[in-house]
Amino acid sequence: MPPSYEQLSHLFRFFGETQCRGRSDVYATLSAAVADDDQLLELTSTAPPDQRRPSLLFAAVNLLLANDQDAALRSYYPIHGGTRKIDARLAPTFAAFCREHWSELEQLLATRSTQTNEIRRCFALRLGRHELARHWPGPVHLLEIGASAGLNLIFDRYAYRLDGSPLAGGDESTVVVETAQRGITADRLWADRPAPVRQRLGLDQHPVDLDDPEARNWLEAFIWPERIDDLATLRGAIEAFRTTEADVRLVRGDAVADTAAVIDELPGDEPVLVFTASLLSYLDQDQRTAFDDQLRSAAERRRIGWVFAEGPALLARSGIDAAGLSGPLASVVTNYAVGVSLRSPDTRHDQILALAEPYLRWIAPARVPDDDFAWASDPTAP
Ligand SMILES: C[S@@+](CC[C@H](N)C(=O)[O-])C[C@H]1O[C@@H](n2cnc3c(N)ncnc32)[C@H](O)[C@@H]1O
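Residues numbered from 1 in each chain as written. Predicted model: local features only at pLDDT ≥ 70, side-chain atom pairs only at ≥ 80, totals over all residues. Heavy atoms only, no water.

## Digging into the overall build of the chain
Scanning the chain for helices and strands turns up twelve helices and eleven strands. Relative to the 2.2 N^0.38 estimate, which gives 21 Å for 382 residues, the radius of gyration of the chain is 21 Å and therefore close to what a compact globule would have. Each principal axis of the C-alpha distribution contributes one length, and for the chain these read about 60 × 45 × 40 Å. Looking at the chain as a whole, 56% of its 382 residues qualify as buried. Carbon and sulfur atoms make up 48% of the accessible area of the chain, which totals about 16,100 Å². Within the chain, the 56 negative side-chain charges are centred at a point lying 3 Å from the centre of the 39 positive side-chain charges. (Helix = DSSP H or I, 4+ residues; strand = E, 2+ residues; numbered from the N terminus. Rg over C-alpha atoms; globule rule 2.2 N^0.38 Å. Buried < 20%, exposed > 50% of the residue type's maximum accessible area, 1.4 Å probe, protein only. Areas by Shrake-Rupley, 256 points an atom, 1.4 Å probe, with all protein chains shown as cover. Lys, Arg positive; Asp, Glu negative; His and termini not counted. Charge placed at Lys NZ, Arg CZ, Asp CG, Glu CD.)

## Overview of the domain arrangement of the chain
How big an interface is tends to be expressed through the accessible area that disappears when the partners come together. Annotation of the chain at the domain level lists domain 1 (3-111) and domain 2 (119-365). Each partner contributes residues to the interface: domain 1 has 20 residues there, and domain 2 has 20 residues. Of the roughly 1,800 Å² buried at the junction of domain 1 and domain 2 (both faces included), carbon and sulfur atoms supply 65%. Remark: the boundary between domain 1 and domain 2 carries one salt bridge. (Domains from an automatic or database assignment. Contact = heavy atoms within 4.5 Å. Buried area = accessible area lost by both parts, 1.4 Å probe. Salt bridge = Lys/Arg side-chain N within 4 Å of Asp/Glu carboxyl O.)

## Considering the site of the ligand
Lining the immediate surroundings of the ligand are 20 residues, of which E118, R121, E144, D204 and A255 lie closest. One of the side-chain nitrogen or oxygen atoms of N117 is found 3.0 Å away from an oxygen atom of the ligand. Contact with the protein chains removes 97% of the 600 Å² of surface that the ligand exposes when unbound. Grouping the constituent residues of the shell around the ligand by class yields five nonpolar, ten polar and five charged. (Near = heavy atom within 4 Å. Polar contact = N/O pair within 3.5 Å; in protein donor to acceptor, adjacent residues only side chain to side chain. Nonpolar A, V, L, I, M, F, W, Y, C, P; charged D, E, K, R; others polar.)

## Section: the side chain of D204
Along the chain, D204 falls in strand β5 (residues 197-204). R252 provides the closest opposite charge to the buried, salt-bridge-free D204, at an N-O distance of 7.1 Å. Leave out the neighbours within four places in its chain, and D204 touches Q115, G146, A147, S148, V251, R252 and G253.

## Overview of the packing of helix α4 (residues 54-66) against helix α5 (residues 90-100)
Two numbers describe how α4 lies on α5: the axes approach to 11 Å, and their chain directions differ by 75°. Our classification of the angle between α4 and α5 gives roughly perpendicular. Together, L57, F58, V61, L64 and L65 of α4 and F94, F97 and C98 of α5 make up the contact between the two elements. Among the residues making up the contact of α4 with α5, the classes are represented as eight nonpolar, no polar and no charged. (Axes fitted to C-alpha atoms, helices over the stretch in contact; angles between N-to-C directions. Parallel < 35°, antiparallel > 145°, perpendicular 65-115°, else oblique.)

## A word on unusual backbone geometry
Even without being a glycine, D163 presents a positive backbone phi close to 50°. Structurally, D163 is set in the loop between β2 (159-162) and β3 (165-166). Judged by its relative accessible area of 46%, D163 is partly exposed.

## Here we look at the environment of E245
Mapped onto the elements, E245 comes out in the loop between α9 (228-243) and β6 (248-252). Residue classification places E245 among the exposed residues on the basis of a relative accessible area of 82%. Along the chain, E245 and L353 lie 108 residues apart, while their C-alpha atoms are 31 Å from each other.

## Brief notes about the sheet that holds β5
In space, the eleven strands of this open sheet follow the order β3-β2-β4-β11-β10-β9-β8-β7-β1-β5-β6, with mixed pairing throughout. Both edges of this open sheet fall to β3 and β6, since each of them pairs with a single strand only. Sheet topology note: the strand β9 (residues 336-344)/strand β10 (residues 347-356) ladder contains nine bridges and is antiparallel. Within β10, the residue paired with S341 across the bridge is D350. (Pairing = 2+ DSSP bridges.)

## Things to note about the pairing of strand β7 (residues 272-277)
Of all the six residues making up β7, six are buried; the element is thus mostly covered by neighbouring parts of the structure. Summarising the sheet, strand β1 (residues 140-145) and β7 pair through four bridges and their orientation is parallel. Across the sheet, residue L143 finds its bridge partner in β7, namely V274. By the bridge criterion, six bridges tie β7 to strand β8 (residues 304-310) in an arrangement that is parallel. Within β8, the residue paired with V274 across the bridge is W306. This β-α-β element, β7 to helix α11 (residues 285-298) to β8, shows right-handed connectivity. (Right-handed = clockwise from strand over helix to strand, strands pointing away.)

## Focus: the packing of aromatic side chains
Enumeration according to the criterion identifies eleven aromatic pairs in this entry. Both rings, one in Y27 and one in F58, keep their centres 4.4 Å apart while their planes meet at 15°; by these two values the pair is stacked. With Y27 in helix α2 (residues 25-35) and F58 in helix α4, the pair connects residues that are 31 residues apart, well separated along the chain. Across this residue pair, the class does not change: Y27 and F58 are buried. Three or more aromatic residues joined by ring pairs form one cluster here, namely F12, F15, Y27, F58, F94, W224 and Y359. Here the basic side chain of R126 rests over the ring of Y160, its NZ or CZ set 4.5 Å away from the ring centre. (Phe/Tyr/Trp six-rings, centres within 6.5 Å; stacked < 30°, edge-to-face > 60°. Lys NZ or Arg CZ within 6 Å of the ring centre and 35° of its normal.)

Pasting the structure below:
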């Protein structure tokens, strides 16, 4: 294998083992196969260096597959009506599809970027919103950094189900966001309706315009092959976003350079709830430090509540100083920590509120404020 592909091969293997295991058998199988396939690694390296990700290749293939009714590969993808069980033909069928569509894939990989918008992460936002309201009651502005299409910005327009039971807030919505709770029951965390959101703003390097059908198809291409339910939820959320009367704005910008300026432009003196979910893994260490500096600087002028759903290992290296991160949790890379970092000119309070599956398919609320989740026997379990 050419040395330049070794890192990429490792990335596919890591993605398969840490992200796909127990979540998508199709992508787990394909990740392992691509990791050993020089041709497909060469294809993936068509993407700009910071976009060479397994998810980008899989999404590009998925996009083309949606329009290719006759492709044999479709039979393995339940979202495209496939019912075939995974067998030894999956990897060669995938490779053959890639060879057949080589130039289209090269073009997609060179010009597109990873785009997912997972509204199940609104459970993390709700949890953080409630914690913020405990400290600072009253209205807030909501600013999501790395907002993608902005679907999380209308979190209070969705209905929620926890272990099958409805939660208060947005109950009349036809978009239902569901998750499972692990460990303790923490109903009190979800029960009340917090004060309203004033302005809703999303900042993203590549914001998704949901009025553009091509952009919508690209977002859908990131749904994993087995997740028929996620596709329906995403389509419902897109419809809700396009028809919402809420004033939602998406702006193009860089988390590392523009966060403080965007916060400074928000009117009034309400706290700003800054939400990030799955952003830190897109930043290198210097950029993570710079992002923390942006929040630190903005918090010299007003109250900032950073609510996050991010990898604990990255949080531990991004300025979060929560007691919960002082133990083994700080090295977990497979699941996310949900928490808050409340900052103002005279306060600083960091707390991990829950451990969660990265797509928030389950959430395990903290038992005590400085919980290190040692009780979650395997915090890396899918
Ligand atoms: C995995 S998506 C998560 C989107 C959304 N937060 C969610 O949970 O569904 C990461 C998003 O971060 C954006 N992003 C990556 N690096 C960024 C940066 N430096 N500044 C702003 N946005 C960035 C990407 O464009 C993408 O939309």
